[in-house]
Amino acid sequence: MSDLGYDAAHMLGAVVLLMSFALLYQRRLFSLLNVFTMQALALTATAAWQAYSHGEPHLYITALLTLVLKAILIPVALHRIVVKMKIHRTIEPALGIGLTMVAGVSLVTLSILLVLPVTADATALTRENLALSLSVVLLGLLMMISRRNAVSQVVGFMSIENGLILAAVGAAGMPLVVEMSVAFSVMVAFIIFGIFLFHIRERFDTLDMQKIESFRGESD
Amino acid sequence: MSAVAVIVATPLIGAAILALVPGHRLGARLNIGFSAITLLASLALFVVEPSSGALFVVDAFNIYLIALTAFVGLTTSVFSAGYIAHEIAIGKLDERKLRFYHAMYQAFMFTMLLALSANNLGVMWVAVEGATLTTVLMVSLYRTAASIEAAWKYFILCGVGIALALFGTILMYMAAQPVMGPGMAAMTWTELMGHVAKISPAILNLAFVFLLIGYGTKVGLAPLHAWLPDAHAEGPTPISAVLSGLLLNVALYAVLRFKMLLAANGQAIAPGPLMIAMGLASLLLAGLMLYRRRDVKRFFAYSSIEHMGIITFAFGMGGPLANFAGLLHMAMHSLTKSAIFYAVGHAVQVTGTQRIERISGLTVSHPALGWGLLAGVVAIAGLPPFGVFMSEFLLVTSTFARQPLLALPLVVGILVAFGALVLRVQQLCFGAPGTVEGSGAPVASVPVQGTLVPLYAHLALVLVAGVWLPGPLVAWFQTVAALLG
């Protein structure tokens, strides 16, 4: 692969990771959704670039699905839910911004330390792509843990899936079946999340998971 | 058309048809019908020599799991018919929800059977993911605050688990791709088993850790078990039965397929210690938690965590004997636990409550049900002559022979759980029968809806397995035990 191909793929992957960091410190739901859209756009560009540089046309479909679902439909729908439920107030991260950032940087370090030794015989692009995508997955997990609000948890969940797609498009010749299923599962997951959000709003009048967690079958 | 195709296609077609069928009686009958066709097709696997193609694989490992899944699917659909008739009568469910419920039931069976028979890592992952989606929808069927909270928790936790499992699957492909070239071969079980010896063990190890945590969440292993008791307690009882009896097995099957790859590779890390640690943690934690449960469905859900811990421990120990015990225990637990949930479902319906202290004297008020529940609990507690005793006995003796130090916590865990089961079953089955929650009428005046045949069919099978195992089954278990390393 040419140097340009390598550099571009590397840079686009890094942008996806950067957006994961940006997601961590967004205090408002609208800006959270905007950053998520940008991450989806960066992922679209990554998939399209891999399709072009590796000559794997099926990745264009992945790129297209990412663009349509994650950069357009889902942010618009979530935006509507936020407006409809009047929850566009400040969101409260469970940890402080500084602490979240430190935790995020440690997770990225961890994933690099974890991936680089075990992939000593793989190509440089595969290794770095894997390290980047593992970082995105871990940061998504961190976000799901540190946020209490249901909408931010959904965004965290989808950013984990972004990391998975980043890994899948980087794996040379990965059969289409997986990308399709990921894209599909995002859609299904979103529909169900939507139903859930609806019911939760209906039943609890709040999306604060801390309050919902007190509704238990029994105390234990 | 091969038998496997029929097994997978029948529930899929069934789901589509049941989504259109009005009326819960017809729906329940069709549900039983489709499940029966699936079971017949899976029994045909034993007659025609199973072969593996690009899509499906049938070997000594999954053939008995497919048959078991189809069988429990059928008996649960029979139980479900009586169960929902009662729920309709008391107004907890309506026709629209039941149409949805029946379609989801068949869709769930489709995903289970697809996950078991798929010859492709990606397809298996999609199937397990689909199983999560369908069960989430069924757990939230009652639309109560508690059931929605349970479904939400289940969805979030298992969603993350499923995501990690996909990451593990992608890593597995990345590990295989340099050896086997790009394309579908590097994601096919049968191809992978042939080439795995040449695959670099380092990425394989990393992949297995993700797969164990990911699919392990669905198995309900501690510390990732938080979803399991809630999902079992708040959904309809037939769903609790198939969750415990089938879904946990299928998730474990996925882990074990990958463990086979690691064992065939030879240089990869031994997954044993990891699985032993998670298994023991689940066993001890669930054993202790059993004492404080007041909800009867939650109580038996914790017992499922305990047994999944025992099974995972068995496969972690490895070796022909422990693996054999693990495979046998998977089948025995699945039959016994679903039987217990049938009995519990009836008991909850006649008493109108899930709280253990409000249910008593079932052997007096409903002898057939009460003694059936008692037999089920005796079986799950690991007492002879039932099959669970045999698998636990095999496991404990082989552990004592090889790792006496590990046998100690294992025996302690089993005994702790045993104590809790004995304590609670006395409350449930003996003493004076109480009154129905709400109306105050004597419990004995409420008849059991539907038939107790599924309950006793399962108990009979567990009893037979405790006394005599058929030759071919033993031969399969031995083949698979050797492959599992």
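Residues numbered from 1 in each chain as written. Chains lettered and ligands numbered in written order. Predicted model: local features only at pLDDT ≥ 70, side-chain atom pairs only at ≥ 80, totals over all residues.

Colleague: Whenever I open this one, the overall build of chain A confuses me. Can you help?
Modeller: Along the backbone of chain A there are eight helices and zero strands. Helices and strands appear in chain A in the N-to-C order α-α-α-α-α-α-α-α. Every one of the 220 residues in chain A was classed for burial, and the buried ones make up 44%. Put simply, of all contacts in chain A between residues at least 6 apart along the chain, 69% involve residues at least 24 apart. (Helix = DSSP H or I, 4+ residues; strand = E, 2+ residues; numbered from the N terminus. Buried ≥ 20, exposed ≤ 12 C-beta atoms within 10 Å, placed from the backbone. Contact = placed C-beta atoms within 7 Å.)

Colleague: What's the story with the overall build of chain B in this structure? I'm lost.
Modeller: Along its length, chain B carries 19 helices and zero strands. For chain B, the C-alpha radius of gyration of 21 Å lies close to 23 Å, the compact-globule estimate for 485 residues. The 485 residues of chain B split such that 63% are buried. Within chain B, contacts between residues at least 6 apart in sequence are counted, and of these 81% link residues at least 24 apart. (Rg over C-alpha atoms; globule rule 2.2 N^0.38 Å.)

Colleague: Looking at this model, I keep getting lost on helix α3 (residues 60–89) of chain B. Mind explaining?
Modeller: Note: α-helices contain 3.6 residues per turn, so residues at a spacing of three or four share the same orientation. Here α3 of chain B contains 30 residues, and its C-alpha end-to-end distance of 45 Å stays within 8% of the 44 Å for a straight helix at 1.5 Å per residue. A large share of α3 of chain B lies buried, amounting to 25 of its 30 residues. (Expected span 1.5 Å × (residues − 1).)

Colleague: Please explain the environment of Asp 230 of chain B as it appears in this structure.
Modeller: Residue and element names in this part refer to chain B. Mapping Asp 230 onto the fold places it in helix α9 (residues 227–234). Among the residues examined, Asp 230 registers 24 C-beta atoms within 10 Å and is labelled buried. For the pair Asp 230 and Ser 147, spaced 83 residues apart in sequence, the C-alpha to C-alpha distance is 8.0 Å.

Colleague: Sorry if this is basic, but what is going on with unusual backbone geometry here?
Modeller: For residues other than glycine, phi is negative in most cases, and the peptide bonds are mostly trans. Residue and element names in this part refer to chain B. A cis amide bond links Ala 222 to the next residue, Pro 223, at an omega of 5 degrees. Looking at where Pro 223 falls in the secondary structure, it is placed in the loop between α8 (201–219) and α9. At Arg 143, a position not held by glycine, the phi torsion is positive, near 60 degrees. Along the polypeptide, Arg 143 turns up in the loop between α5 (121–139) and α6 (145–180).

Colleague: I keep staring at the nonpolar core and nothing clicks. Help me out?
Modeller: In a soluble, globular protein the nonpolar side chains are often hidden away together inside. Residues and elements named next belong to chain B. Counting 242 residues, the largest nonpolar core has Ala 115 and Val 250 as the members making the most contacts within it. Looking at which element gives the most residues to this core, the answer is α6, with 24 residues. Sequence-distant contacts of Val 250, that is, excluding residues within four places in its chain, are made with Met 112, Ala 115, Leu 116, Val 128 and Ala 131. (Core = buried A, V, L, I, M, F, W, Y, C linked by C-beta atoms within 7 Å.)

Colleague: In this structure, what is going on with helix α13 (residues 319–351) of chain B? I would like to understand it.
Modeller: All names here are of chain B. An ideal rise of 1.5 Å per residue puts 48 Å on 33 residues; α13 measures up with 46 Å between its terminal C-alpha atoms. Within α13, 30 of the 33 residues are buried, which leaves it mostly tucked inside the rest of the structure. Just downstream of α13 lies Gly 352, where phi reads positive at about 75 degrees.

Colleague: I'm lost on the environment of Ala 339 of chain B in this one. Help?
Modeller: Residues and elements named next belong to chain B. Looking at the secondary structure, you find Ala 339 in helix α13. C-alpha of Ala 339 to C-alpha of Tyr 456: the two residues are 117 residues apart in sequence and 7.7 Å apart in space. Once you skip the residues sitting within four places of it in the chain, Ala 339 turns out to touch Gly 376, Leu 455, His 458 and Leu 459.

Colleague: Is there a simple way to explain the packing of helix α12 (residues 296–317) of chain B against α13 of chain B in this structure?
Modeller: Describing two packed helices takes the angle between their axes plus the distance from one axis to the other. All names here are of chain B. Where α12 meets α13, the closest approach of the two axes is 8 Å, and the angle between their N-to-C directions is 170 degrees. The angle between the axes of α12 and α13 places the two elements in the roughly antiparallel class. A breakdown of the residues in the contact of α12 with α13 according to their chemical character gives 14 nonpolar, seven polar and two charged. (Axes fitted to C-alpha atoms, helices over the stretch in contact; angles between N-to-C directions. Parallel < 35°, antiparallel > 145°, perpendicular 65-115°, else oblique. Nonpolar A, V, L, I, M, F, W, Y, C, P; charged D, E, K, R; others polar.)

Colleague: Sorry, what's going on with the packing of helix α2 (residues 24–47) of chain B against helix α4 (residues 95–117) of chain B here?
Modeller: Residue and element names in this part refer to chain B. Two elements in contact, α2 and α4, have axes separated by 10 Å at closest approach and are oriented at 5 degrees. Judged by the inter-axis angle, α2 sits roughly parallel to α4. Contacts between α2 and α4 involve His 24, Gly 27, Asn 31, Phe 34, Ser 35 and Thr 38 from the first element and Glu 95, Leu 98, Arg 99, His 102, Tyr 105, Gln 106 and Met 109 from the second. Looking at side-chain class alone, the contact of α2 with α4 contains four nonpolar, seven polar and two charged residues.

Colleague: I keep staring at the confidence of the model for chain A and nothing clicks. Help me out?
Modeller: Predicted coordinates in areas of low pLDDT are best not read in detail. Residue and element names in this part refer to chain A. Across chain A, pLDDT averages 77, with 74% of residues at or above 70. The element-level mean pLDDT for chain A is lowest in helix α8 (residues 209–212), coming to 53, with helix α2 (residues 29–54) highest at 89. Confidence drops under a pLDDT of 50 for residues 201–207, and excluding neighbours within four residues, the segment shows 13 contacts in the predicted structure. Low confidence marks residues 215–220, where pLDDT is under 50. Its contacts with residues over four positions away, or in another chain, come to 14 contacts. (pLDDT = per-residue confidence, 0-100.)

Colleague: What is the right way to look at the environment of Thr 237 of chain B in this model?
Modeller: All names here are of chain B. Structurally, the position occupied by Thr 237 is in helix α10 (residues 237–265). With 24 C-beta atoms counted inside 10 Å, the residue Thr 237 sits in the buried group. C-alpha separation for the pair Thr 237 and Lys 297, spaced 60 residues apart in sequence, amounts to 8.2 Å. In contact with Thr 237, not counting residues within four places along its chain, are Tyr 83, Phe 341, Val 344, Gly 345 and Val 348.

Colleague: What should I look at first to understand the confidence of the model for chain B in this one?
Modeller: Residues and elements named next belong to chain B. Mean pLDDT for chain B: 90, with 99% of residues reaching 70 or above. The element-level mean pLDDT for chain B is lowest in α6, coming to 86, with α12 highest at 94. This prediction of the complex comes with two scores: 0.91 for pTM and 0.86 for ipTM.

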